[in-house]
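Residue strings, one per chain:
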Amino acid sequence: LPHEREHRQPLEIDLTAWIHRDAGVVDYRGLYEKVRDAADSPALFYLEELADSIAARVLEDPKVQKVQLALRKPHAAVGGPIAYAQVSIVRERDG
């Protein structure tokens, strides 16, 4: 909706990353930065676009083999009472 582009909306993001067993330790601060950078992008308008952008950024980390994301918009303006609108995706590294 147009007003959502002008006024930042609350957003909840759950991230699950599958790590190769020989990869060692993952820097969760680095993963958070990737999520934050994607969320701060002014070009992404839809939860689906944001989820894909986050997944692609997280999969840039060679230790991450697979990622699952759930993005929730609490009290989304859909014309009725709902707790949230949610998009969930799973993406895997190619090859």
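You'll find the structure just up there.
Quick caveat: nothing in here was measured; it's all calculated off a predicted structure.

Got a sec to walk through helix α3 (residues 47-58)? Specific residues and values, please.
If you check α3, its first and last C-alpha atoms are 16 Å apart, about what twelve residues at 1.5 Å a residue would give, namely 16 Å. Of the positions making up α3, those classed as buried are L47, L50, A51, S53, I54, A55 and V58. Where the residues of α3 are buried, they touch β1 (12-19), α2 (28-39), β2 (64-74) and β3 (84-92).

Any chance you could break down the environment of K34 for me, citing the residues and the numbers?
Here K34 is to be found in helix α2. Take K34: its relative accessible area is 22%, and that puts it in the partly exposed class. As a C-alpha pair, K34 and I13 span 21 residues in sequence and 12 Å in three-dimensional space. Within polar-contact distance, the side chain of K34 engages the backbone oxygen of R57 at 3.5 Å.

Please set out the packing of aromatic side chains residue by residue, giving values where relevant.
Within a pair of aromatic rings, the relevant descriptors are the distance that separates the centres and the angle that separates the planes. Under the criterion given, the structure shown has zero aromatic pairs. The ring of W18 carries K66 above its face, with NZ or CZ at 4.6 Å from the centroid. Between R72 and the ring centre of Y84, over which it is positioned, the NZ or CZ distance is 5.9 Å.

I'd like to hear about the pattern of salt bridges, residue by residue, with values.
For the structure on display, the rule yields six salt bridges. The partner of K34 in a salt bridge is E60, with the nearest N and O atoms 3.7 Å apart. One end of the pair, K34, is in helix α2; the other, E60, is in the loop between α3 and β2, with 26 residues separating them in the sequence. Classification of E60 by relative accessible area gives exposed; the value is 57%. With its nearest N and O atoms 3.6 Å apart, the salt bridge here joins D37 to R36.

The rules behind the values
Residues numbered from 1 in each chain as written. Predicted model: local features only at pLDDT ≥ 70, side-chain atom pairs only at ≥ 80, totals over all residues. Heavy atoms only, no water. Helix = DSSP H or I, 4+ residues; strand = E, 2+ residues; numbered from the N terminus. Expected span 1.5 Å × (residues − 1). Buried < 20%, exposed > 50% of the residue type's maximum accessible area, 1.4 Å probe, protein only. Contact = heavy atoms within 4.5 Å. Polar contact = N/O pair within 3.5 Å; in protein donor to acceptor, adjacent residues only side chain to side chain. Phe/Tyr/Trp six-rings, centres within 6.5 Å; stacked < 30°, edge-to-face > 60°. Lys NZ or Arg CZ within 6 Å of the ring centre and 35° of its normal. Salt bridge = Lys/Arg side-chain N within 4 Å of Asp/Glu carboxyl O.

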